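# Chain and residue survey
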Amino acid sequence: MTTIASAILPDGVQTPHYDRQQLKTRMVHFGFGAFHRAHQALLTDRVLNAQGGDWGICEISLFSGDTLMSQLRAQDNLYTVLEKGAHGNQAIIVGAVNECLNAKLDSLATIIEKFCEPQVAIVSLTITEKGYCIDPATGTLDLTNPRIIHDLQAPDEPLSAPGILVEALSRRQARGLAPFSVLSCDNIPDNGHVVKNAVLGMAEKRSPALASWIREYVSFPATMVDRIVPAATEESLAEITRELGVADPCAISCEPFIQWVIEDNFVAGRPAWEAAGVQMVSDVRPWEEMKLRMLNGSHSFLAYLGYLSGFQHINECMQDSAFREAAYRLMMNEQAPTLSITGVDLTGYAQSLIERFANPALKHKTWQIAMDGSQKLPQRMLAGIRLHLARESAWPLLALGVAGWMRYVSGIDDAGSTIDVRDPLSDKISSIVAASHEDQRVVALLSLQEVFGNDLPHNPAFVQAIETAWQRIAQRGAHQAVIDTLKN
Ligand code: NAD
């Protein structure tokens, strides 16, 4: 069968022009999802194109992805990224992946041993918030998580990402091998600390000596990642087939914009990512805060209010003047004043975000962004709200965003259709929704301590603002609520 590895591709398609035979597994990556393919792997491919080298990636998928991995192997671990701008497309064949392993296709033992190869310098992750098995309320390893319970009972047959990392590090320590750096590329605040807490939480339970070895020798650089990469659809894959003249089931489309800011703290070396435009810095936090509040905060706002109003995609929301204005004002009036970053043109940043959201070539589903809201709301909206409450400044659009999430997880959109709510807390949320009358829903959902903490539900100004926003949506619908909020 002809694949992208064997086909003659059209002239404009960029292909690897380095020697792929030189690649070794220097990085092992958990989570061959949409984002990693169009971000870390692509930027590593750019470095390889610029200066060659041996920084290959072994892709690991634990629970699913066996079909994808089989398809990737069938095309020599090559795959396509289609960058889609308002003014045209660029197809890039990425060659940085040199092997892939999947728990269904390969044994777990093979997977764990891959992390123990001496040349492995970095283990990176894009496994979404829930993959870290962290209790959001405490920021520590969730010892009630069934996978964590399992991994503590059977440490040499781990099922969770923290369990696998600790087992691999334990074997490296026992064999006298150098450690690796653990690089979280998930969009969660202080991702370096989150993964460090998960790993150390597991290691402490297994052996204090192992935990102190990890503390001393392993680094957990924090990162800020940015690129909009919608999940692949039949439509996006068909478009890529037309561009290439051959099908690539592992292909992914994304926007042209890309940004990666990394804390430069690696114990066993790293690719020269600067050569691909990556910013290597000593402190990622101000960058991450800027991105989480301005980009992700407004994205979530558009996702909840947009979905309730009947918009399927973010770019459709942006064609609506009220939504467009609300997104900009949310960024500039309510999120930018809460940031600690200096030396960045935040107006220019907000304008570029509006343009990126409006990109008609991207079909980013409001439903996709709305997913897992309980894990996202704290850093995207509630962190900024806490500052507004302390300063007594106004935050009407953030209030509408939080109330929009509450309406969304209540399960019915403004047209009366049922919403397929996906969230790690969905069982808890749906019992709260089922047990509460609409008039009591705000107070009932505020009892989710994992989301709202202990402070916000007891803050009268917070509760009142969310109640007001909830009533606005309940009485006039989400779209009119956005228009009304802009008038005040
Ligand atoms: P995706 O659904 O395509 O991929 C998620 C990957 O995580 C899959 O490979 C899946 O197998 C793995 N995974 C899920 N649960 C896991 C678990 N419990 N343990 C181990 N692995 C698990 O999603 P994506 O779009 O690639 O997003 C992945 C991460 O990238 C998210 O955290 C997101 O915040 C971040 N990110 C995504 C985008 C984007 O536009 N897609 C942009 C910036 C950051």
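Residues numbered from 1 in each chain as written. Predicted model: local features only at pLDDT ≥ 70, side-chain atom pairs only at ≥ 80, totals over all residues. Heavy atoms only, no water.

Per an unreviewed UniProt entry, the protein chain carries the name Fructuronate reductase and comes from Citrobacter telavivensis. Heading Sequence similarities (unreviewed entry) of the UniProt record for the protein chain holds this comment: "Belongs to the mannitol dehydrogenase family. UxuB subfamily." (UniProt positions renumbered as here; feature names shortened; annotations may be inferred.)

### Some details on the pattern of salt bridges
Inspection of the entire model under this criterion finds 29 salt bridges. When the shortest N-O distance is used, the salt bridge between Glu289 and Arg293 registers 3.8 Å. With Glu289 and Arg293 both in helix H10 (residues 285-309) and 4 residues apart, the pair spans about one turn of that helix. A salt bridge links Glu325 to Arg329, with the shortest nitrogen-to-oxygen separation between them at 2.9 Å. Here the residue Glu325 and the residue Arg329 both occupy positions in helix H12 (residues 321-335), the gap between them amounting to 4 residues, near one helical turn. Classification of Glu325 by relative accessible area gives partly exposed; the value is 35%. In this structure Arg329 comes out as partly exposed when scored by relative accessible area, which is 26%. When salt bridges with common partners are traced through the structure, they connect Glu113, Glu167, Arg171, Arg175 and Arg206 into a single cluster. (Salt bridge = Lys/Arg side-chain N within 4 Å of Asp/Glu carboxyl O. Helix = DSSP H or I, 4+ residues; strand = E, 2+ residues; numbered from the N terminus. Buried < 20%, exposed > 50% of the residue type's maximum accessible area, 1.4 Å probe, protein only.)

### Concerning helix H4 (residues 108-115)
Of all the positions in H4, only Ile111, Ile112, Lys114 and Phe115 are classed as buried. Each buried residue of H4 sits inside an arc of 150° when the element is viewed along its axis, so together they form one side. Buried residues in H4 make contact with strand S1 (24-30), strand S2 (55-61), strand S5 (97-102), strand S6 (122-125) and helix H6 (161-174). (Arc of directions from axis to C-beta. Contact = heavy atoms within 4.5 Å.)

### Observations regarding the site of the ligand
Near the ligand lie 17 residues; those nearest to it are Ala34, Phe35, Asp186, Asn187 and Val229. One nitrogen or oxygen atom from the side chain of Asp186 is found 2.3 Å from an oxygen atom belonging to the ligand. In this structure, Arg227 approaches the ligand through a main-chain N or O atom, which is 3.3 Å from an oxygen atom. In the complex, 77% of the free accessible area of the ligand, which totals 830 Å², lies under the protein chains. Here the shell around the ligand is composed, by residue class, of 8 nonpolar, 6 polar and 3 charged. (Near = heavy atom within 4 Å. Polar contact = N/O pair within 3.5 Å; in protein donor to acceptor, adjacent residues only side chain to side chain. Areas by Shrake-Rupley, 256 points an atom, 1.4 Å probe, with all protein chains shown as cover. Nonpolar A, V, L, I, M, F, W, Y, C, P; charged D, E, K, R; others polar.)

### Observations regarding the sheet that holds strand S9 (residues 181-184)
Reading across from one edge, S5-S2-S1-S6-S9 is the order of the 5 strands in this open sheet, with parallel pairing throughout. Bordering the open sheet on either side are S5 and S9, each of which pairs with just one other strand. Each neighbouring strand pair of the sheet contributes to a mean axis angle of 25°, computed without reference to strand direction. The pairing of S1 with S6 spans 4 bridges and is parallel. Residue pairing in the sheet places Met27 in a bridge with Ile122 of S6. (Pairing = 2+ DSSP bridges. Axes fitted to C-alpha atoms, helices over the stretch in contact; angles between N-to-C directions.)

### Considering the sheet that holds strand S4 (residues 88-94)
As summarised here, the arrangement of the 3 strands in space is S4-S3-S11, forming an open sheet in which the pairing is mixed. With one partner strand each, in any of the chains shown, S4 and strand S11 (252-254) form the two edges of the open sheet. On average, adjacent strands in this sheet sit at an angle of 25° to one another, irrespective of strand direction. Strands in contact with helix H2 (residues 40-51) are strand S3 (79-85) and S4; relative to S4, the strand with the most contacts, it is inclined by about 75°. Along the sheet, helix H9 (residues 234-244) contacts S3, S4 and S11; its crossing angle with S3, the most-contacted strand, is approximately 100°.

### A closer look at the nonpolar core
For soluble globular proteins, the rule of thumb is that nonpolar side chains tend to be buried together. Counting 78 residues, the largest nonpolar core has Met294, Phe301, Met406, Phe452 and Phe462 as its most contacted members. Each of two domains, domain 1 (20-282) and domain 2 (285-487), supplies a minimum of three residues to this core. Not counting residues within four places of it along the chain, the set of residues in contact with Phe462 comprises Leu382, Ile385, Leu389, Trp395, Leu446, Phe452 and Leu456. Grouped together as the second largest cluster of nonpolar side chains are 41 residues, Cys58, Ala161, Ala211 and Ile214 included. (Core = buried A, V, L, I, M, F, W, Y, C linked by side-chain atoms within 4.5 Å. Domains from an automatic or database assignment.)

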